[in-house]
Amino acid sequence: MSERLRGRIEDDDRGIGIPCILCLEKHGHEPVKEIRRRSVLRRKLRQSVEGSEGQRMTVDEENCSCQENQLPSICIAGYNTLMGEKRRCIAPEMISGRNSFMEKTRVRFAPSPTGALHIGGGHTALFNWLWARHTGGSFILRIEDTDMERSTKEFEDTIMSGLVWLGLDWDEGPDRGGDFGPYRQSERLHLYRKYAGQLVDEGLAYKEGDAVIFRVPQGKTLAFDDVVYGHIEMQSETLKDIVLMKSDGMPTYNYAVVVDDHCMAISHVIRGEDHISNTPKQLLLYDALRWERPVFAHLPMILGKDKKKLSKRHGATSIYEYRDMGYFPEAVFNFLGNLGWNAGDEKEIYTRDEAATLFDLARVTRKAAVFDMEKLNFINQEHLKRLDPDVRLSLVEPFWREEGLSVDAFDRRYLRDALTLMGGRGQTIRELAAYASYFLSFDVVRERYDGKDITEEQRGGLKEFFSALLSSPAWSTETLEAFTRNWADAKGIRIKDLAMPLRMAITGAKVSPGIFEVASLMGRDEVRKRLVGYDLLG
RNA sequence: GGUCCCAUAGUCCAGUGGCCUAGGACACGGCCCUUUCAAGGCUGUGACACGGGUUCGAAUCCCGUUGGGACCGCCA
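First things first, this report covers the structure right here in the doc. Residue indices begin from 1 for each chain and proceed along its sequence in written order. Labels are handed out in written order, letters beginning with A for the chains and numbers beginning with 1 for the ligands. Where local features are concerned, this predicted model is filtered to residues with pLDDT of at least 70; where side-chain atom pairs are given and counted, the filter is 80 or more; whole-chain, interface and lining totals use all residues. The basis for the side-chain values is all heavy atoms of the structure; hydrogens and waters are excluded.

### Examining the overall build of chain A
Next up, step 1: For chain A, the helix and strand inventory stands at 20 helices and eleven strands.
Next up, step 2: The buried label goes to any residue with under 20% of its type's maximum accessible area, the exposed label to any with over 50%, and the partly exposed label to all in between, with areas taken from a 1.4 Å probe on protein chains only. Residues classed as buried in chain A amount to 52% of the 538 residues present.
Next up, step 3: By sequence separation, contacts in chain A at least 24 residues apart represent 70% of the contacts at least 6 residues apart. Strands are runs of DSSP state E lasting at least 2 residues, helices are runs of H or I lasting at least 4, and numbering of each runs from the N terminus. Contact between two residues is taken to exist if any of their heavy atoms lie within 4.5 Å; hydrogens are not considered.

And the structure:
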């Protein structure tokens, strides 16, 4: 960053300076140290972003009483115009201490391999990924396996495949390496030992048993500016001394994150709101180690229907359970993305790429969000409708196979068209597969419909009609429908009285897509077979 | 208990002191379309937690109350 900006930032006791161009008050600019309110900071931030997007500031410059003091904007999540060049950067206004202004964005997802990837973890990973992709930065996967009791390699693998399933690819990680490895905490012990030793040597930490404990100084105000929650501060008195190294030789979470985030040059720490109260402890460690702090951005929690932290008793919590229920990655991604973020317009269905383009940390909400399955269903259905027919088929296939249907016996084009015909029917892939199963099997039809509702009196008329229908020369949706309409007109009956028995006989259900389309696609032979099966053909 | 965070319909979001008679979406109800069910179109019910204050003007700023949540581990 420029010396001028650095000076300005450090002049202020909070390490923040707001240039006059963002002055919104007609009576002159307020020193930022008085603008402690989160909402004001957020407004400034917003203003700045809008200004950059529109290539000019939205502030009414004529009414700004302090134009001569005007400095070009330092910007947030947008483009910096300070040096007269456009450059992506993060929010200096929101930064205390470290300024990653000119540096590449580096974010990380740091799960501990003590379980499968769950909804909350997926949400955090997603937001990190979005920010990395939005800023053109790096998304790093770090495995926090310092809990030797509960961590397993299996869970590590499951978590990784869960991320892959969601479409969240990482640039550095235990499986693919990177310049800041190793990416498993259990392999970085020398670092934790080194800095713990340094703190002990400096008298900032002490040993107790085999553990190393950091002495929390009294009377310090621990403050930071969170990108989403604003200014947060806490008094050091409220903290107990912090265990750095456990007696088993492993570092504790609060210590290891600090060492790793620093050593891996993480620019933004984006994690769940439940970590807000851990942050002051980490701040203390950054200061003790004389390291620059990353930017902190905490994310709202995801709650169950009872507004309690999402857990097993709320039903499915692992990402894989959703896959198995018939939800697919783009939809889960989309749904999770809508929890705590929106692009500022009314768009709520988007692809991964669209989300990455639109995403903005500054627009993340603070209120905890309730996980609503109904909404997930809807979003899944919307994506299902938009899916490429071949992709849709490949997604439905496994569910058909699971039901024991002989998928391979059919022409893929037929199956694909069958699914296309299903249109918006079904919210999950599993549902769609079940609804469309009659295209592949007459058995499923017989299982659910016995044909006993047809009276002998009706049967006569139907046999006559179906025989005529089956021997009509053309076999298309249009001809089938026209033929049926004409027949109904001629006999003075409702078309429904012909269409419904046909539907029941070939699909076994009262609901289906347009029955003439179904019959047309299924083919004359198959329709004949099914009508014969119900004794409806003369 | 201590500390911190949050507060717009049942749910997810919009809202940044006047464009608010509070907007969109899910869910729910009605109507249209129609061979059924979806989809689609139109439409209805439904919210600024409460109380003070600042202001000509408050969902929005301030204070308090209430409610909810998180964290206070040699778990992460």
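### Side note on the side chain of Asn254
Next up, step 1: Tracing the sequence through the fold places Asn254 in helix H6 (residues 253-263).
Next up, step 2: On the basis of relative accessible area, Asn254 is assigned to the buried category, the value being 11%.
Next up, step 3: When neighbours within four sequence positions are excluded, Asn254 is seen to be in contact with Asn278, Lys281, Gln282 and Leu285.

### Here's the deal with the sheet that holds strand S7 (residues 242-245)
Next up, step 1: The strand order S3-S4-S7 describes an open sheet built from three strands, whose pairing is antiparallel. The open sheet has two edge strands, strand S3 (205-208) and S7, and neither has a second partner. In this sheet, adjacent strand axes meet at a mean angle of 35 degrees when their direction is disregarded.
Next up, step 2: Pairing between strands is defined by DSSP: at least two bridges between them are needed. In terms of strand pairing, S3 meets strand S4 (residues 211-214) through four bridges, oriented antiparallel. Paired with Ala205 across the bridge in S4 is Phe214.
Next up, step 3: Here an angle of 0 to 180 degrees is reported between the N-to-C directions of two axes, which are lines fitted to C-alpha atoms, with helices fitted over the stretch in contact. With respect to the sheet, helix H5 (residues 189-201) is in contact with S3, S4 and S7, its orientation differing from that of S7 by roughly 130 degrees.

### Quick look at the layout of surface pockets
Sizing a probe to match a water molecule and rolling it over the atoms shows the empty space that remains.
Next up, step 1: Definitions used for this entry: grid spacing 1 Å over protein atoms alone; cavity, a set of points where a 1.4 Å probe fits but cannot get out; pocket, an open set with protein on both sides within 12 Å along at least 5 of 7 lines; lining residue, one with an atom within 4 Å of a point. Grid points are joined across faces, edges and corners, and a volume is the space filled by probe spheres set on the points. Each pocket or cavity is described by its volume, and for the largest pocket that value is around 920 Å³.
Next up, step 2: Along the wall of the largest pocket there are 34 residues; nearest its centre are His118, Gly120, Gly121, Asp274 and His275.
Next up, step 3: Among the elements of the structure, strand S1 (106-109), helix H3 (119-135), H6 and strand S8 (268-272) are those that each provide at least two residues to the lining of the largest pocket.
Next up, step 4: Residue contributions to the lining of the largest pocket peak at five residues, all from H3.
Next up, step 5: Classifying every residue of the lining of the largest pocket gives 15 nonpolar, twelve polar and seven charged. Polarity classes work like this: nonpolar for Ala, Val, Leu, Ile, Met, Phe, Trp, Tyr, Cys and Pro, charged for Asp, Glu, Lys and Arg, and polar for all others, with Gly in that last group.

### Concerning the pattern of salt bridges
Next up, step 1: Throughout this description, the term salt bridge denotes a Lys or Arg side-chain nitrogen within 4 Å of a carboxyl oxygen of Asp or Glu. Across all of its chains, the model carries 37 salt bridges by this definition.
Next up, step 2: For Asp260, the salt bridge identified is with Arg142, shortest N-O distance 3.8 Å. Of this pair, Asp260 sits in helix H6 while Arg142 sits in the loop between strand S2 (138-141) and helix H4 (153-166); the two residues are 118 residues apart in sequence, bridging distant segments of the chain.
Next up, step 3: What makes Asp260 buried here is its relative accessible area of 0%.
Next up, step 4: Close ionic contact of Lys491 with Glu464 constitutes a salt bridge, the shortest N to O distance being 3.3 Å. Within this pair, whereas Lys491 is found in helix H17 (residues 477-491), its partner Glu464 is found in helix H16 (residues 456-470), the two being separated by 27 residues in sequence.
Next up, step 5: Within this structure, Arg108, Arg142, Glu144, Arg188, Asp260 and Asp261 form a network of salt bridges that share partners.

### Observations concerning the environment of Phe410
Next up, step 1: Mapped onto the secondary structure, Phe410 falls in the loop between helix H12 (389-402) and helix H13 (412-421).
Next up, step 2: Along the backbone, Phe410 and Leu440 are 30 residues apart, and their C-alpha atoms lie at a distance of 7.6 Å.
Next up, step 3: Setting aside residues no more than four positions away along its own chain, Phe410 makes contact with Leu415, Phe439 and Leu440.

### Description of the nonpolar core
Next up, step 1: Take the buried residues of types Ala, Val, Leu, Ile, Met, Phe, Trp, Tyr and Cys, join any two whose side-chain atoms come within 4.5 Å, and each joined set is a nonpolar core. Residues Phe139, Leu163, Leu168, Phe214, Leu244 and Tyr255 are the most contacted members of the largest nonpolar core, which totals 87 residues.
Next up, step 2: Each residue touching Tyr255, except ones within four places of it in the same chain, is listed here: Leu191, Tyr192, Tyr195, Ala196, Leu244, Met245 and Leu285.
Next up, step 3: The next biggest cluster of nonpolar side chains, apart from the first, holds 52 residues, and it includes Val396, Ala436, Ile506 and Met522.

### Here we look at the side chain of Thr105
Next up, step 1: Here Thr105 is to be found in the loop between helix H2 (38-53) and S1.
Next up, step 2: One polar contact links Thr105 to Thr135, side chain to side chain, over a distance of 3.3 Å.
Next up, step 3: Look past the residues within four positions of Thr105 in its chain and what remains in contact with it is Trp131, Thr135, Gly137, Ser138, Ser267 and His268. Polar contacts, as counted here, are pairs of nitrogen or oxygen atoms within 3.5 Å of one another; within protein the pair requires one atom able to donate a hydrogen and one able to accept it, and residues that are adjacent in sequence qualify only if both atoms are side-chain atoms.

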